[in-house]
Amino acid sequence: MSTTLTGTPTVRTARPRLLRGLTWLVLRQHRTTLYCVLALTVLGSLWIVYQRAQLIDVLDAAGWPEKSVPLPVVGEAYGSLTSLLALLPGVLAVFLGAPLIAADQEQGTAQLVTTQSVTRRRWVLAKLGWCLLITLAACSVLSAVFTWWWRPYRSVLGDNWMDSAVFDTTGPVLPALALFLTAAGFTIGILLRRVLASMVVTFGFTVVAQTAWGMFRDRLGTPRTITYPLDSDMPAGLEDAYEVDRWVGSADGRLYGWGSCAEATEKATNACIQEKGIVDNVFQYLDHGQMSAMQWTGAGVLLAGTAALTAFTLWWTSRRPL
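Visitor: How would you summarise the side chain of D168 if you had to cite specific residues and measurements?
Guide: Mapped onto the elements, D168 comes out in the loop between α8 (164-167) and α9 (173-192). The exposure class of D168 is buried, given its relative accessible area of 9%. Only 2.9 Å separates the side chain of D168 from the side chain of W213, close enough to count as a polar contact. For D168, the side chain forms a polar contact with the side chain of R217, separated by 2.9 Å.

Have a look at this one:
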């Protein structure tokens, strides 16, 4: 007995993918890292928005800006937030950049990829592009949200604009610094070819690089100098100024160190002042109005370093076996 099937067979059609080929493969390989970075970005942004709302409530209750408020208004949560933002570039460099290709080299995945139809340069470029893109996106969002909080309320937050907790976490500096350190991470990883060694060396490099960046930061601007009488108060408008150096000066323009006449007694101090003819305070500073230009200049330097490290990585991987 035979049975005839008259029904129309069901044909399953695959849903079109937004991403295909090598891009989809790279994102799938690193999907756990992607989810962690996205979660960090979303939760960090929500935390900043929440802290900002709390600050506004406190200031409104105190009648600010018509009334002054005791400084700093914020508590430990603000310090924890700025510390985490300052650590973020190093964290991304160690846990995202360093293992990016070193893990594939250590596990043999890199050797397998080079036997496929995709060229080695294209595979490395896809990996580096994904790494730099997710770093740029996450740090740009967090920097933008934190800048949105800090800028209108900087006068009550207690930090000077040149402090690393502010200068390095607002504007373009945070994403630029993260890109540079992450590029250093995957460069170190490719050279060492071992995940743990790469992470340790990247951590050390991050500490040294951020220390050097802190010493270089005040060189991004052009210091200004103001002179005012020795017994006068500092001129108004310099509350936000970052002090570069300070001297005392004589009428003929000769400068002495700030503590040149710091004697044990007031009589000895006055005698020293009269002997040297000191009549002025000389104050060298960076103005808050220079902050934006200094940040973009610094970001340009860091992005140039990122481009150089990325170019070196592509050059190295195209001439040596993975």
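Visitor: Tell me about the packing of aromatic side chains, and name the residues and values.
Guide: Counting across every chain of the model gives ten aromatic pairs. Joined through ring pairs, the aromatic side chains of Y78, F146 and W149 make up one cluster. Residue placement shows R246 over the ring face of W258; its charged tip is 4.8 Å from the ring centre.

Visitor: Report on the side chain of T170, specifying residues and quantitative values.
Guide: Mapped onto the elements, T170 comes out in the loop between α8 and α9. At 2.8 Å, the side chain of T170 forms a polar contact with the backbone oxygen of V166. A polar side-chain atom of T170 sits 3.0 Å from a polar atom in the side chain of Q295. Beyond its immediate stretch of four places on either side in the chain, T170 contacts S143, F146, T147, W150, M291 and Q295.

Visitor: Lay out the environment of D240 with the relevant residues and their values.
Guide: As for its position among the elements, D240 is in the loop between β1 (224-229) and β2 (242-250). Of note is the side chain of D240, whose polar atom sits 2.4 Å from the side chain of R154.

Visitor: Hey, could you go over the state of the cysteines for me, with residue numbers and the actual values?
Guide: Among covalent bonds in proteins, the disulfide is the one between the sulfur atoms of two cysteines. On inspection of all chains with the given rule, the structure shows one disulfide. Between C261 and C272 runs a disulfide, and the two sulfur atoms are separated by 2.1 Å. Measuring handedness by torsion sign, the sulfur bridge of C261 and C272 sits at about -65° and is left-handed. Taken together, the residues C261 in the loop between β3 (255-257) and α11 (266-276) and C272 in helix α11 connect sequence positions eleven residues apart.

What counts and how
- Residues numbered from 1 in each chain as written.
- Predicted model: local features only at pLDDT ≥ 70, side-chain atom pairs only at ≥ 80, totals over all residues.
- Heavy atoms only, no water.
- Helix = DSSP H or I, 4+ residues; strand = E, 2+ residues; numbered from the N terminus.
- Buried < 20%, exposed > 50% of the residue type's maximum accessible area, 1.4 Å probe, protein only.
- Polar contact = N/O pair within 3.5 Å; in protein donor to acceptor, adjacent residues only side chain to side chain.
- Phe/Tyr/Trp six-rings, centres within 6.5 Å; stacked < 30°, edge-to-face > 60°.
- Lys NZ or Arg CZ within 6 Å of the ring centre and 35° of its normal.
- Contact = heavy atoms within 4.5 Å.
- Disulfide = S-S within 2.5 Å.

Geometric values such as these leave the question of function open.
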